[in-house]
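Residue-level structure breakdown
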Amino acid sequence: MLDVLKFKKPETTEKGKGQIDVEGVSITFGKGPDAHRAVDTTDLTIKAGEFVCILGPSGCGKSTLLNAIAGYVNPTEGAVIVDGTEVTKPGPDRGMVFQQYSLLPWKTVYENVAFGPKMARQTRIESGSVANTFLELVGLKKFGNRYPAELSGGMQQRVGIARALANYPSVLLMDEPFGALDAQTRLMMQESLLDIWRKFETTVVFVTHDVDEAVFLADRVLIMSAAPGKIIEDVTINLPRPRSTDMASTDEYVKSRQFCLDIIKAESRKAFESQNT
Ligand code: ADP
Ligand code: MG
């Protein structure tokens, strides 16, 4: 489906970029008696080019932590550093893909992807060529003139990925991007994403509450505790790459999956109990 083999990585992307350092980050929403601590003192380092999944029960602070890396939320304490610079706001070095497709519905697929490069003051021809390159990468070049509502969920999400990559980010942040897709499309999207990542060599931070998805995709799975969230486990996944869905029956996969599942189950139970007391 994807023509990633034909894709040439743009010369403009810098090698070795995309290191993320989260240093003593806590994030509290609200003040006084209504204050809610969503992320508790968290430290982590993600190396340039790594594929890391953040796994945790619903409401544990995954999106909040990802939003802090994106620059949409500022830490209450600590700092997020990307390639040596403290993050204070969103920037083109960090591309974001949300669960909801977040495309501009009144613009065509092509215009949606060309939008970022255009905002970066590229000429119409430059931004057009970038849009075509990335639409081709996600296998949707023929659909440039369609509107988002005319595409399936999986296709819209591929446009979302093309749009995020069109700014040549060194970090791609993904918040449950396949959560709204049916199981078959989801598997296909996971394989496609790994192909794109291999070609593009960007750092990926992928948030999910799905253990199988995390183990299949990641070099490392960072597991968050129930609220207030912090990283309680850092699990290295030793499955070879390129990965394929038949690896799900291998010992390494089964072992990693069970390990993550046991922690997630315990954390989900804690979250459930704390909501009911
Ligand atoms: P997750 O993505 O793991 O499901 P979130 O990061 O979305 O969790 O949320 C963590 C907690 O922070 C939740 O209790 C949520 O209600 C709260 N929260 C998230 N964003 C805000 C906000 N902007 N204002 C107040 N509370 C928020
Ligand atoms: Mg979330």
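Here the structure is shown first, and the text comes after it.
Worth saying up front: this structure is predicted, and the values here are computed from it rather than measured.

Another point: the sheet that holds strand E8 (residues 203-208). The 6 strands lie next to each other as E6-E7-E8-E3-E9-E10, forming an open sheet whose pairing is mixed. Only two strands of the sheet have a single neighbouring strand rather than two, namely strand E6 (94-97) and strand E10 (231-236). The sheet shows a mean angle of 20 degrees between the axes of neighbouring strands, direction not considered. The pairing of strand E7 (residues 171-175) with E8 spans 5 bridges and is classified as parallel. When the bridges of E8 are listed, Leu-172 appears paired with Val-204.

This next bit is on the sheet that holds strand E5 (residues 85-86). One open sheet accounts for 4 strands, arranged E2-E1-E4-E5; its pairing is antiparallel. Two strands lie at the open edges of the sheet, namely strand E2 (36-46) and E5, each paired on one side alone. Taken together, the 2 bridges between strand E4 (residues 77-82) and E5 define a ladder with antiparallel strand orientation. Within the sheet, the bridge partner assigned to Ile-81 lies in E5 and is Glu-86. Packing against the sheet, helix H1 (residues 62-70) makes contact with strand E1 (20-29), E2 and E4, and its axis sits at approximately 120 degrees to E1.

In this section: the side chain of Thr-208. With respect to the helices and strands, the residue Thr-208 is situated in strand E8. At 2.9 Å, the side chain of Thr-208 and the backbone nitrogen of Asp-210 are in polar contact. For Thr-208, the side chain forms a polar contact with the side chain of Glu-213, separated by 2.7 Å. With sequence-adjacent residues up to four places away left out, Thr-208 is seen in contact with Ile-54, Leu-55, Gly-56, Lys-62, Glu-176, Arg-186, Glu-213 and Ala-214.

As a further point, take the packing of aromatic side chains. Throughout the structure, instances matching the rule amount to 6 aromatic pairs. Taking 6.2 Å as the distance between ring centres and 35 degrees as the angle between the ring planes, the aromatic pair formed by Phe-51 and Phe-206 counts as tilted. With Phe-51 in strand E3 (residues 51-55) and Phe-206 in strand E8, the pair connects residues that are 155 residues apart, well separated along the chain. Exposure class is identical for Phe-51 and Phe-206. Each is buried. Each residue in the set Phe-51, Phe-178, Trp-197 and Phe-206 is aromatic and connected to the rest through ring pairs, giving one cluster.

Evaluated as defined, the whole model comprises 13 salt bridges. In this structure, the salt-bridge partner of Arg-94 is Asp-93, at a minimum N-O distance of 3.1 Å. Take Arg-94: its relative accessible area is 12%, and that puts it in the buried class. A residue is classified by how much of its surface remains accessible, and Asp-93, at 27% relative accessible area, is partly exposed.

What follows deals with the side chain of Asn-67. Residue position: Asn-67 is located in helix H1. If we skip the residues at most four places from it in the chain, Asn-67 touches Tyr-72, Val-73 and Met-96.

A few words now on the environment of Tyr-168. As for its placement among the helices and strands, Tyr-168 is situated in the loop between helix H4 (153-165) and E7. Separated by 52 residues in sequence, Tyr-168 and Gly-116 place their C-alpha atoms 9.9 Å apart.

Looking now at helix H3 (residues 124-137). Taking 1.5 Å as the rise per residue, H3 with 14 residues should run 20 Å; its terminal C-alpha atoms sit 20 Å apart, in good agreement. Of all the residues in H3, the buried ones are Ser-127, Gly-128, Val-130, Ala-131, Phe-134, Leu-135 and Leu-137. On the buried face of H3, the contacting elements are helix H2 (109-119), H4 and helix H5 (183-200). Positive backbone phi, at 75 degrees, marks Gly-139, one or two positions downstream of H3.

In the sheet, E1 pairs with E2 via 7 bridges, with the strands oriented antiparallel. From the neighbouring strand, Ile-27 faces E2, where its bridge partner is Val-39. Following E1, the chain reverses through 6 residues before pairing antiparallel with E2; Gly-30 in that reversal takes a positive phi of roughly 75 degrees.

Time to look at the site of ligand 1. With respect to spatial proximity, the complete set of residues near ligand 1 consists of Phe-29, His-36, Ala-38, Pro-57, Ser-58, Gly-59, Cys-60, Gly-61, Lys-62, Ser-63 and Thr-64. For ligand 1, an oxygen atom lies 3.0 Å from a polar atom in the backbone of Gly-61. Side-chain polar atom of Thr-64 to an oxygen atom of ligand 1: 2.5 Å apart, as the coordinates give it. Protein chains shield 57% of the accessible area of ligand 1, which is 560 Å² for the free molecule. Contributing elements (two or more residues each) for the shell around ligand 1: E2 and H1.

How each quantity is defined
Residues numbered from 1 in each chain as written. Chains lettered and ligands numbered in written order. Predicted model: local features only at pLDDT ≥ 70, side-chain atom pairs only at ≥ 80, totals over all residues. Heavy atoms only, no water. Pairing = 2+ DSSP bridges. Helix = DSSP H or I, 4+ residues; strand = E, 2+ residues; numbered from the N terminus. Axes fitted to C-alpha atoms, helices over the stretch in contact; angles between N-to-C directions. Contact = heavy atoms within 4.5 Å. Polar contact = N/O pair within 3.5 Å; in protein donor to acceptor, adjacent residues only side chain to side chain. Phe/Tyr/Trp six-rings, centres within 6.5 Å; stacked < 30°, edge-to-face > 60°. Buried < 20%, exposed > 50% of the residue type's maximum accessible area, 1.4 Å probe, protein only. Salt bridge = Lys/Arg side-chain N within 4 Å of Asp/Glu carboxyl O. Expected span 1.5 Å × (residues − 1). Near = heavy atom within 4 Å. Areas by Shrake-Rupley, 256 points an atom, 1.4 Å probe, with all protein chains shown as cover.

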